[in-house]
There are 2 protein chains.
Amino acid sequence: MKFNQFAPRQVSLETQIQELINLEFLTDRLLEKDEMDKIWLHFLKQVFPQAQSPTAKHEQIADLLASNTQNVFDFLNEHEITTNAFYNVALQLLGFEVDLDFELANPLAAMDQMQLFHVNEINSTHDLITACYYLLLTYTKGGQNYLDYLATLGYFVPLYGRPAGMKPIFFNGQSQPVFNTKKLIKEVVYVESDLDTDQDGQRDLLKVEIIRPAETNFNLQVPAVYTASPYNQGVNEVSSDKMLHNVNQPLTTKEENNTTFKDIAYQPSHIEIPKKREIKEIALTAESSFGRESSYTLNDYLLARGFAVVYAAGIGTMDSDGVRTCGSTAETSSTVAIIEWLAGKRTAFTNKTDNIEIKAWWCNKHVAMTGKSYLGTLATAAATTGTPALKTIISEAAISSWYDYYREGGLVISPGGYVGEDADVLAELCFSRRKKAADYLKIQPFFTDVLKQMAHDQDRITGNYTTFWDERNYLHNLDQIKAKIVMVHGLNDWNVKPKNVFNLWHGLDDLPVVKKLILHQGQHIYINNLRSLDFSNMMNLWLSNQLYNVDNQAEDHLPDLLVQDNTQPETWITPHEWHKYHNLTLNLQEDALSTQDGDNTMLSFKDWVDQPDFEKYDKNIPAWMADLISTDASALENNRLIFKTAPLSSDVTISGAPTVSLRLHTDNNHGLVSAMLVDFGEEKRLNADPSPVFGARLGLGFDWREEPLKEFTYEKNPSPWKLIAKGHLNLQNKTALWKNDQIIPGESYNFEFELQPTYYHLLKNHQLGLIVYATDFEMTQRGNEHITYTLDLANSKLNLAIDKKEVLNNENKKN
Amino acid sequence: MKFNQFAPRQVSLETQIQELINLEFLTDRLLEKDEMDKIWLHFLKQVFPQAQSPTAKHEQIADLLASNTQNVFDFLNEHEITTNAFYNVALQLLGFEVDLDFELANPLAAMDQMQLFHVNEINSTHDLITACYYLLLTYTKGGQNYLDYLATLGYFVPLYGRPAGMKPIFFNGQSQPVFNTKKLIKEVVYVESDLDTDQDGQRDLLKVEIIRPAETNFNLQVPAVYTASPYNQGVNEVSSDKMLHNVNQPLTTKEENNTTFKDIAYQPSHIEIPKKREIKEIALTAESSFGRESSYTLNDYLLARGFAVVYAAGIGTMDSDGVRTCGSTAETSSTVAIIEWLAGKRTAFTNKTDNIEIKAWWCNKHVAMTGKSYLGTLATAAATTGTPALKTIISEAAISSWYDYYREGGLVISPGGYVGEDADVLAELCFSRRKKAADYLKIQPFFTDVLKQMAHDQDRITGNYTTFWDERNYLHNLDQIKAKIVMVHGLNDWNVKPKNVFNLWHGLDDLPVVKKLILHQGQHIYINNLRSLDFSNMMNLWLSNQLYNVDNQAEDHLPDLLVQDNTQPETWITPHEWHKYHNLTLNLQEDALSTQDGDNTMLSFKDWVDQPDFEKYDKNIPAWMADLISTDASALENNRLIFKTAPLSSDVTISGAPTVSLRLHTDNNHGLVSAMLVDFGEEKRLNADPSPVFGARLGLGFDWREEPLKEFTYEKNPSPWKLIAKGHLNLQNKTALWKNDQIIPGESYNFEFELQPTYYHLLKNHQLGLIVYATDFEMTQRGNEHITYTLDLANSKLNLAIDKKEVLNNENKKN
């Protein structure tokens, strides 16, 4: 078991003392008396809040072993406090078990092994105070810091009573759970947007769900953490599934043209919008509340810690006006409207009828956005407007350009796991106005037309980057960003692919935007319940800084780039960069990949399979993948070329987006080429997603919500390979995504394209492999066309950024 | 989607009116005015508690379609209320979607199809009142009744304020969630038992965690729902795993003897116990509380509804005294001690030191026990003491005799999924005193001796039914039972096998004990979060009756026997009996099973496999099972005999415990025989366990705990067979479980034994199969001995109870 804590900060002894006293782990009187035993015993009494009498506390402390033979009291009767005694007890408090997790003879060894902080020696009161202070920040076996664990026992309940004016309370720069989650206030308001997307002659009203601490009713203004979730009012799975597109279709031969970017660039058009509603009255309290919101557990964690949480689903969702248009500028505007209301710059009403205004008077006008996937996407979208109250976003697995979600290289591409989905399907999925039958009756004809128009504009025929997609490219507006950006992305996310975060990250390189990036080994997941990483504490530090202006140096303190290793569980590193540029080129030889010259050879592969195999792969994509990558005989053995390096003489790390430059010709006037980077080597690898830690729940406060604790573990059995990255290109888009090139059968061309970016630790003795193929059953259309491709090895290359070039430079020609 | 509601009861119109008024769905004034529109509109306003102003309520109601073209208001402007209009709206309120789940033209058709209650015509105020009343009891799409759903929206929050004396509030005989779960009181007390199992000279104190409604502080006495969970203070997985026994061992040849039951019958021995502690003081409030208890969601549901919940882990668990002895009479006594305290018959203290007594003054002295597996087992154990305050138990997947958990037919048997476990291993697993290091230091030597003694007494050498097991057989004391018994068991539970509940159920046949039984198709699971069954409502009705003495006829109203069908999802039937006696005998022919005469043939099978196969099956039990059952060539093709009926001409149901009577000889002086009943037939069957309903959470109250909603669904692919039941016998126990018989190699004997009981719906065209074999890789020891068995078909039989004997009577000889 290893812990990776990045939130704890070194602070002065003076600060330690002051914060310990403020949270009642220390008293002025004890400090004055300066007796180590008494300071320790006071601390120990405090950490058993569930024991409320002196006897009950005594019983709890008496159960702690300070040494092999003595409990705390017996030990103190005969000894001064020692470093070992302190940490023996500390480890028991943190939930670690004697003999199972550590030896009483040497607790520090176990702490070092588990990467838990400790002072080296406790020789003075000051040492003891420092040890107590950092113990409160140290992770428990149950995967949260000790203060957060004590909160679940009720430690902070007595502090609930402190006056609103004395809250929030920070410890080591993090806001503490002194807010009673049983008294949270829930309200619904309707924000008036600058949109009339349903063209009913009235500005679209947007339903907002607000959860705020009761202290806000007593003059405390708090920041708002806002999650824009198009899903949270319900989804239309059945009707949207019916709209899924058929991907078993041949590519269209696109007519050659000279389209330039300028031709297709999105230009906002001026739309006349209806007048604002006339305000009839002003109210201080809302008229509607809600039951169980669709929540994000990081938000739940923050609710106990003095942040209000705001959810809005946006245009076209249940109880709001408008229609959904999947990533459009209208959606961005709808997202930002909520922030503007929170900042006092826009009107909201208590209901949709009476024009009674209600202000966000409880908000300190500092807003953060959170959320994963579409939710994180809308956070990114909002940030690119530069709306001033949005101080920061924590965008997880977010789309930065919708073309990189539904298209690639002039091809229609399915997000991993969602074959046939497209922007129109997602619009229908999230159109939860459908859930309210009488409301839907009114809007149905209009929305049907909207979907028809989207189906046309998204253009599944060419797969090109068109005005539709340009409108949905947030990367154009990065220079508008005022918010500080925290990005989180899974390196194995084949739904929202890593290119999205890579382009955002590097798009900010030359802009004055503070940015942080966490790359984990998961797929499309949240990481706030991982045992090995203190993500919630990092975000607490960050948001305390950004939204409460706490001077905790979070921007300097938190790593800019944090990456989970793919070979060892519970291992997180902080590299300097995620490479933007390549430093190594590998050439293609028959079956091999090498820094030596490529072979002067032409190799062909075909792009069709027999109908029974087609049907098999259609139903079983993992089988397609396994056959494609395996060098064993299979229905795909002539459908791809595999090139492998010799087994590596030592570990290397591939960073950033590999590119391939392939020279090839085909026997058709259209076609596509795909490339895949694969780690070959029999190895127990990490599971694709973290596994629940048996029976372990993470309490987010006292008697408050919880979530299952998880951690990445090894797969049960070794696997022979793992996909590192892949990429696809329509041959007719060799020049640009918006321009159709002509492809003459038999004529060779150079095709260059990027694979998905990665940060991949390749182990010694493994081989790096490049697979060149065409149809990708998981991602591309599958025309099953009789097309043959011929690759010119001598003029084809793979470009990489790796840390130890010499490892690949020295490879022999053949594997 | 189909719903199976057994809780709703028919009540008089007068009762309906009174209860509707009490919950404010109707007012006296409306009743007096007698206008149907107004009654309906009032009802509709009430069911949107989240909308707090008239406008907000109006907006919600306006979104409901009463007909194809009109919302409620428009409809009422032009029409009288109609049956269709009412149920169109009702279905929307219940979360069903227009066009997706029902047609506006005919809502009743959808309700009938989904098995939702409705009145047939709404022509009068009375019809309308009845329709409203039963709508509140009708299941939502989200899998709870409408009142329970309204609770999650906050419907009952205004009723929290009613004086304690006006609570609880019942509706249709079920207690309603008018208790504020945010104000629950949590306390710890220590009950003094009549035990000194750790022999420290002091009676064992037992920690109890109590959660009770705040109203108990205002003179309301409430019942206690008590769960005895040895797991809930933590478990020692690592140390107990190290104690797992090696099952890859040959059977021992047992020396012939004439042991009678009397020789091994358990006799309680008189043990001198220390004096009671002297009470020094009396307190009304506890000194300790707790953070997050390890809860059972049915209890959580009840906490919102006026029941206190009590958890105790018993002797040998963290913060209690004593040692664990797995099912012993001491454990029963430790379990009952808590009930006695709740009933005012035993002392508890506020801490373990000061002898300050605290009484359960808040309890109405009516206690129920709940829980699954070991928890349900202890409930069963407690019931067999006849302790008077225990009014009922809801025991799920409970053990009724520990021999039927760890042994069978003179064989050591592993519970499904826990190879090598035994009573000593479970004792160590639950010995959570280990978690408190200083406490463990004191008790470790003594407990080590206890485990050694258990390892000896449980007797893995003979596998016989000994005094150790007789002490752990609750079936001996069924005549002591005063509590009413609700049993729940999975027909596919191979951990706690169905024999346990079968023996308890039929053991009560001639006793004056009220009993109910629910048999589901799951494995070792809870069923309170199934969408298709109103288990929580049934238990609410039951406990309101048993513990609050509500006159709701729960005993008559709830089905005595409720069985989930194994062929269709969401199908529950209420058969008259779970057969105790057989009505059909099938004979064995070569490969066939028939009512015609058996073949005059001897067939042999062996009981060993080659070492590589042994290792394969050791690691992969499903592979062993598949090879054993398949008629294809495999390493097991000579290790079993398979007999199948002809394909069935119509469906039949097998009920109760099949028995086999086998005449066979072997070439060794020891051996075992196993038999397995199998359903052969390519079919999509139900998954072994229910699947989560995507995104659906079941709220257990307002802003209170939740659990994922689940339902049994079909497996993705058809399977060729399904195990129905199996059983095992040590050949040396052909006479009795406690007596060793001699087996002479080559000499034939009759062996008769029961398979696990079942309730199995065999589909038309399927074949019923009997497999005779020896070693069971999942259950028995695996000696891999070179033994051959020879079966005398003519003198071997399978005995069954089935519903349509003629179906099997008419079968041809060969399949």
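Residues numbered from 1 in each chain as written. Chains lettered and ligands numbered in written order. Predicted model: local features only at pLDDT ≥ 70, side-chain atom pairs only at ≥ 80, totals over all residues. Heavy atoms only, no water.

This part is about the overall build of chain A. Secondary structure summary: chain A contains 25 helices and 32 strands in total. Computed over its C-alpha atoms, the radius of gyration of chain A comes to 29 Å, within 12% of the 28 Å expected for a compact globule of 815 residues. A principal-axis box enclosing the C-alpha atoms of chain A has dimensions of 90 × 75 × 45 Å. Expressed as a percentage of its 815 residues, the buried residues of chain A come to 66%. Considering only contacts within chain A whose residues lie at least 6 apart along the sequence, 78% involve residues at least 24 apart. (Helix = DSSP H or I, 4+ residues; strand = E, 2+ residues; numbered from the N terminus. Rg over C-alpha atoms; globule rule 2.2 N^0.38 Å. Buried < 20%, exposed > 50% of the residue type's maximum accessible area, 1.4 Å probe, protein only. Contact = heavy atoms within 4.5 Å.)

Looking now at the UniProt feature "domain: Xaa-Pro dipeptidyl-peptidase C-terminal" (unreviewed entry) in chain A. In the numbering adopted here, UniProt assigns the feature "domain: Xaa-Pro dipeptidyl-peptidase C-terminal" (unreviewed entry) to residues 540-799 of chain A. Taken end to end, residues 540-799 of chain A is 12% helix and 40% strand, and its two terminal C-alpha atoms sit 40 Å from one another. (UniProt positions renumbered as here; feature names shortened; annotations may be inferred.)

On to the packing of aromatic side chains. Taken as a whole and judged by the stated rule, the model has 70 aromatic pairs over all chains. With a centroid separation of 4.6 Å and 70° between ring planes, the pair formed by Y405 of chain A and Y406 of chain A is classed as edge-to-face. Geometrically, the ring pair formed by Y133 of chain B and Y134 of chain B is edge-to-face, given 5.0 Å between the ring centres and 80° between the ring planes. The class of Y133 of chain B is buried, set by a relative accessible area of 0%. One aromatic cluster is present, built from ring pairs that chain together Y231, F261, Y374, W402, Y403, Y405, Y406, Y465, F468, W469 and W738 of chain A. A cation over a ring is seen here: R305 of chain B above Y301 of chain B, with NZ or CZ 3.7 Å from the ring centre. When the ring centre of F680 of chain B is taken as origin, the NZ or CZ atom of K644 of chain B, which lies over that ring, is 3.9 Å away. (Phe/Tyr/Trp six-rings, centres within 6.5 Å; stacked < 30°, edge-to-face > 60°. Lys NZ or Arg CZ within 6 Å of the ring centre and 35° of its normal.)

Let us look at the UniProt feature "domain: X-Prolyl dipeptidyl aminopeptidase PepX N-terminal" (unreviewed entry) in chain A. If you check UniProt for "domain: X-Prolyl dipeptidyl aminopeptidase PepX N-terminal" (unreviewed entry), the listed places come out as residues 1-155 of chain A in our numbering. Along residues 1-155 of chain A the backbone is 52% helical and 0% strand, and the end-to-end C-alpha distance reaches 27 Å.

Here we come to the side chain of S796 of chain A. Positionally, S796 of chain A belongs in the loop between β31 (788-792) and β32 (797-800). For S796 of chain A, the side chain forms a polar contact with the main-chain nitrogen of R663 of chain A, separated by 3.0 Å. (Polar contact = N/O pair within 3.5 Å; in protein donor to acceptor, adjacent residues only side chain to side chain.)

All right, on to the pattern of salt bridges then. All names here are of chain A. Taken as a whole, this structure holds 86 salt bridges over all chains when the rule is applied. Between D703 and K182 there is a salt bridge, and its shortest N-O distance comes to 2.9 Å. On the criterion of sequence distance, the pair formed by D703 in the loop between β25 (691-699) and β26 (706-711) and K182 in the loop between β2 (174-175) and β3 (185-192) is long-range, its members being 521 residues apart. Looking at D703, the relative accessible area reads 28%, which means it is partly exposed. (Salt bridge = Lys/Arg side-chain N within 4 Å of Asp/Glu carboxyl O.)

Another point: the interface of chain B and chain A. On the chain A side, the residues contacting the 55 residues of chain B number 55 residues. Taken over both partners, the interface formed by chain B and chain A buries close to 3900 Å², and the fraction arising from carbon and sulfur atoms is 46%. Across the chain B-chain A interface, the total number found is 8 salt bridges. Among the ionic pairs, D63 of chain A bridges to K436 of chain B, the shortest N-O distance being 3.8 Å. Connecting chain B to chain A are 26 residue pairs in polar contact (both at pLDDT 80 or more). When contributions to the side of chain B that touches chain A are tallied by element, the ones reaching two or more residues are α4 (54-62), β3 (185-192), α11 (237-242), α18 (437-457) and β25 (691-699) of chain B. Here the side of chain B that touches chain A takes 5 residues from α4 of chain B, the largest share from any one element. Its residues assigned to classes, the side of chain B that touches chain A shows 17 nonpolar, 18 polar and 20 charged. (Buried area = accessible area lost by both parts, 1.4 Å probe. Nonpolar A, V, L, I, M, F, W, Y, C, P; charged D, E, K, R; others polar.)

To continue, consider helix α15 (residues 374-383) of chain A. For α15 of chain A, the buried fraction is high: 10 of the 10 residues fall into the buried class. Residues of α15 of chain A that are buried include every one of Y374, L375, G376, T377, L378, A379, T380, A381, A382 and A383 of chain A, and no others.

Bringing the relation of the copies chain B and chain A into the picture now. With an RMSD of 0.0 Å, the operation that places chain B on chain A is a rotation of 180° combined with a shift of 0.0 Å along the axis. These values place the two chain copies in the arrangement generated by a two-fold rotation axis. Taking C-alpha positions as reference, the residue of chain B nearest the rotation axis is K182 of chain B, located at 3.0 Å. A share of 100% of the interface residues of chain B reappears at the interface of chain A, consistent with the copies meeting face to face through the same patch. (Least-squares fit on C-alpha atoms with pLDDT ≥ 70 in both.)

With 203 residues, the main nonpolar core has F86 and W362 of chain B as its most contacted residues. Broken down by element, this core gets its largest block of residues, 8 residues, from helix α21 (residues 535-548) of chain B. Counting residues in each nonpolar core, the second largest holds 202 residues, with L91, Y133, I338 and Y465 of chain A among its members. (Core = buried A, V, L, I, M, F, W, Y, C linked by side-chain atoms within 4.5 Å.)

Right, let's talk about the pairing of strand β7 (residues 308-312) of chain A for a bit. Residue and element names in this part refer to chain A. Burial of β7 is extensive: 5 of the 5 residues sit out of reach of the surface. Burial along β7 is two-sided: A308, V310 and A312 facing one way and V309 and Y311 facing the other are all buried. In terms of strand pairing, strand β4 (residues 205-212) meets β7 through 4 bridges, oriented antiparallel. Looking across to β7, one finds that I211 is bridged to V309. (Pairing = 2+ DSSP bridges.)

Residues and elements named next belong to chain B. One can find S650 in the loop between β21 (640-644) and β22 (652-656). Judged by relative accessible area, S650 falls into the partly exposed class, the value being 22%. Considered as a pair, S650 and G306 are 344 residues apart in the sequence and their alpha carbons are 49 Å apart. Once residues within four sequence positions are removed from consideration, S650 is found in contact with K764, K804 and V807.

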